[in-house]
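# Survey of secondary and tertiary structure
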Amino acid sequence: MKALGMCLAGPTASGKTAVALALAERLPLEIISVDSALVYRGMDIGTAKPSLAERAAVPHHLIDILDPSGSYSAAAFAADAQRLAGEIRARGRLPLLVGGTMLYFKALRDGIDAMPAADPEVRAALDARATVEGWPALHAELARIDPVTAARLAPADSQRVQRALEVYVVSGRPLSEWHQPKATSQRDAWPMVSLEPASRAWLHRRVAERFDAMLAAGFVDEVRALRARRPEPRPAVHALRRLPPGVGGAGGRRPAPAAQRRHRRHAATRQATADLAALDARPAHRRERLSRRPRGRDLTAGITPR
């Protein structure tokens, strides 16, 4: 099967942007972002959005396409990515899909299940319950309803726990019943290179360095400005739930940096283990084990379109 584009995946702070820009020095490519937070305008620091200079040097797509109140989904991403990849190929260039939202990669390469649409009223009710009971309590409820899905989700993974409960409330069926094996796959059409840490300690150091830089750049103020908007930009707030509790919250209290870094480490570790493991599909998946800051020249060697 002819490749339709190249995929570069990896956890937070694994060096994806540096590798993509190094590839752009060797190949005529355009970058399609695979990140559920980068689609939103005004979320620049906390998402480590590529700089304006980087985006001017290499064309980027699916960045700053929505106001924080807008909704975006894996299905929308898959449709947009296929359309953009076709347009890029028609220009005689190579589509390079770069990011860490593994569900988006899976939707593109494996297809996506036809599940119930989002229900704002159900989500609002679940949000209200979580405010009082906490997301671990809702995760325990999910474990009774759908133990298969609950087993693969962390109790604090609010966005996915909410979606699983929402599907059950709307359809009366557990989310796991909607996930059916696909008869065909597009993985060979979208070959993947994943940047994976050789050790958690290496990744944790990278995450700490990045987070300290974000704080110095004004991350807390950025989050406060977003949360102060009225009406509340609910889709963007869902993306912010990956942040440590209290960041940009009311009252001006700044959570302990140690707690913030720990939260970020846990999120990156999940990306590097469970999320990437779900994408594993040889031979269309090349894994690069990292033990130091990646250099573009090292990692781009041999990464060429088929």
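Attention here is on the structure that accompanies the text. Keep in mind the model is a prediction, meaning the values are calculated, not measured.

## Considering the overall build of the chain
When you go through the chain residue by residue, the secondary structure sums to 14 helices and six strands. Within the chain, buried positions represent 48% of all 306 residues. Long-range pairs, those at least 24 residues apart, make up 76% of the contacts in the chain between residues at least 6 apart in sequence. When the accessible surface of the chain is totalled, it reaches about 14600 Å², and 55% of it is carbon and sulfur.

## Topic: the nonpolar core
Ile32, Tyr72, Phe77, Leu97, Phe105 and Trp190 are the most contacted members of the largest nonpolar core, which has 28 residues in total. Secondary-structure elements contributing two or more residues to this core are β1 (6-9), β2 (29-34), α3 (74-90) and α4 (102-110). The greatest single-element share of this core, amounting to seven residues, is contributed by α3.

## Thoughts on unusual backbone geometry
For Ala13, which is not glycine, the phi torsion reads 70° and is therefore positive. The residue Ala13 is located in the loop between β1 and α1 (16-26) in this model. Unlike most non-glycine residues, Ala48 shows phi in positive territory, near 55°. Examined against the element boundaries, Ala48 turns out to sit in the loop between β2 and α2 (52-57).

## Some remarks on the packing of aromatic side chains
Overall, the coordinates contain three aromatic pairs when judged by the stated rule. When the centroid spacing of 6.1 Å and the interplanar angle of 70° are considered together, the rings of Tyr72 and Tyr104 count as edge-to-face. Within this pair, whereas Tyr72 is found in the loop between β3 (60-61) and α3, its partner Tyr104 is found in helix α4, the two being separated by 32 residues in sequence. You'll find Tyr72 and Tyr104 in the same group, each marked buried. Seen in terms of ring centroids, Phe211 and Phe219 are 5.8 Å apart; in terms of plane orientation they differ by 80°. Their pairing is edge-to-face. Neither residue differs from the other here; Phe211 and Phe219 are each classed as buried. Of the aromatic side chains, those joined through ring pairs into one cluster are Tyr72, Phe77 and Tyr104.

## Considerations on the pairing of β1
Side-chain alternation along β1 places Met6 and Leu8 on one buried face and Cys7 and Ala9 on a second face that is also buried. The pairing of β1 with strand β4 (residues 94-99) spans four bridges and is parallel. Bridge pairing in β4 places Leu8 opposite Val98. In this structure, β1 lies alongside strand β5 (residues 192-197), joined through three bridges in parallel fashion. Its bridge partner being in β5, Ala9 is matched across the sheet by Ser194.

## Some points on the side chain of Arg109
When you line up the elements, Arg109 lands in helix α4. One buried charged residue, Arg109, remains without a salt bridge, the closest side chain of opposite sign being Asp110 at 5.8 Å. Looking at Arg109, its side chain comes within polar contact range of the main-chain oxygen of Trp190, at 3.0 Å.

## Considerations on the pattern of salt bridges
Applying the stated criterion across every chain, the model contains 16 salt bridges. Among the ionic pairs, Glu87 bridges to Arg83, the shortest N-O distance being 3.5 Å. In this pair, Glu87 and Arg83 both sit in helix α3, four residues apart, roughly one turn of the helix. For Glu87, a relative accessible area of 34% translates into the label partly exposed. The exposure class of Arg83 is partly exposed, given its relative accessible area of 42%. A single salt-bridge network, built from bridges that share partners, covers Asp44, Lys49, Arg55 and Asp64.

## Some words on α3
Here α3 contains 17 residues, and its C-alpha end-to-end distance of 24 Å stays within 8% of the 24 Å for a straight helix at 1.5 Å per residue. Within α3, burial applies to Ala74, Phe77, Ala78, Asp80, Ala81, Leu84, Ala85 and Ile88. On its buried face, α3 sits against β2, β3, β4 and α4. Once α3 ends, the next one or two residues include Gly92, with phi positive near 80°.

## Some words on the environment of Gln186
Take Gln186: it is sitting in the loop between α9 (175-178) and β5. With relative accessibility at 35%, the residue Gln186 sits in the partly exposed group. Taking the C-alpha atoms as reference points, Gln186 and Asp110, 76 residues apart in sequence, are found 5.8 Å from one another.

## Section: the environment of Leu215
Mapped onto the fold, Leu215 is located in helix α10 (residues 200-217). Classification of Leu215 as buried rests on a relative accessible area of 16%. Considering only alpha carbons, one finds Leu215 and Gly46, 169 residues apart in sequence, at a separation of 8.7 Å.

Parameters at a glance
Residue numbers run consecutively from 1 along every chain, following the written order of its sequence. Reporting in this predicted model follows two pLDDT cut-offs: at least 70 for local features of residues, and 80 or more for side-chain atom pairs to be given and counted; totals over whole chains, interfaces and linings ignore these cut-offs and use all residues. No hydrogens and no water enter the side-chain calculation; it runs on all heavy atoms of the structure. Only DSSP runs of H or I with at least four residues qualify as helices, and only runs of E with at least two residues qualify as strands; both kinds are numbered from the N terminus onward. Relative accessibility under 20% of the residue-type maximum defines a buried residue, over 50% an exposed one, and the middle range a partly exposed one, all with a 1.4 Å probe and only protein chains included. Should any heavy atoms of two residues lie within 4.5 Å, those residues are counted as being in contact. For accessible areas, the Shrake-Rupley method is used with a probe of radius 1.4 Å. Any residue's cover is judged against the shown protein chains and nothing else. Only buried residues count toward a nonpolar core, which is a set of Ala, Val, Leu, Ile, Met, Phe, Trp, Tyr and Cys residues joined through side-chain atoms within 4.5 Å. Between 30 and 60 degrees the pair is tilted, below 30 it is stacked and above 60 it is edge-to-face, where a pair is any two Phe, Tyr or Trp rings, Trp via its six-membered ring, whose centres lie within 6.5 Å. Here a strand pair is declared whenever DSSP counts at least two bridges between the two strands. Within this scheme the basic residues Lys and Arg register as positive and the acidic residues Asp and Glu register as negative, but His and the chain ends are omitted. In what follows, salt bridge is the name for a side-chain nitrogen of Lys or Arg lying within 4 Å of a carboxyl oxygen of Asp or Glu. We call two N or O atoms a polar contact when they sit within 3.5 Å, provided that within protein one can donate a hydrogen and the other can accept it, with sequence-adjacent residues counted only if both atoms are side-chain atoms. What a helix should span is 1.5 Å times the count of its residues minus one.

Treat this as a map of the structure, not an account of what it does.
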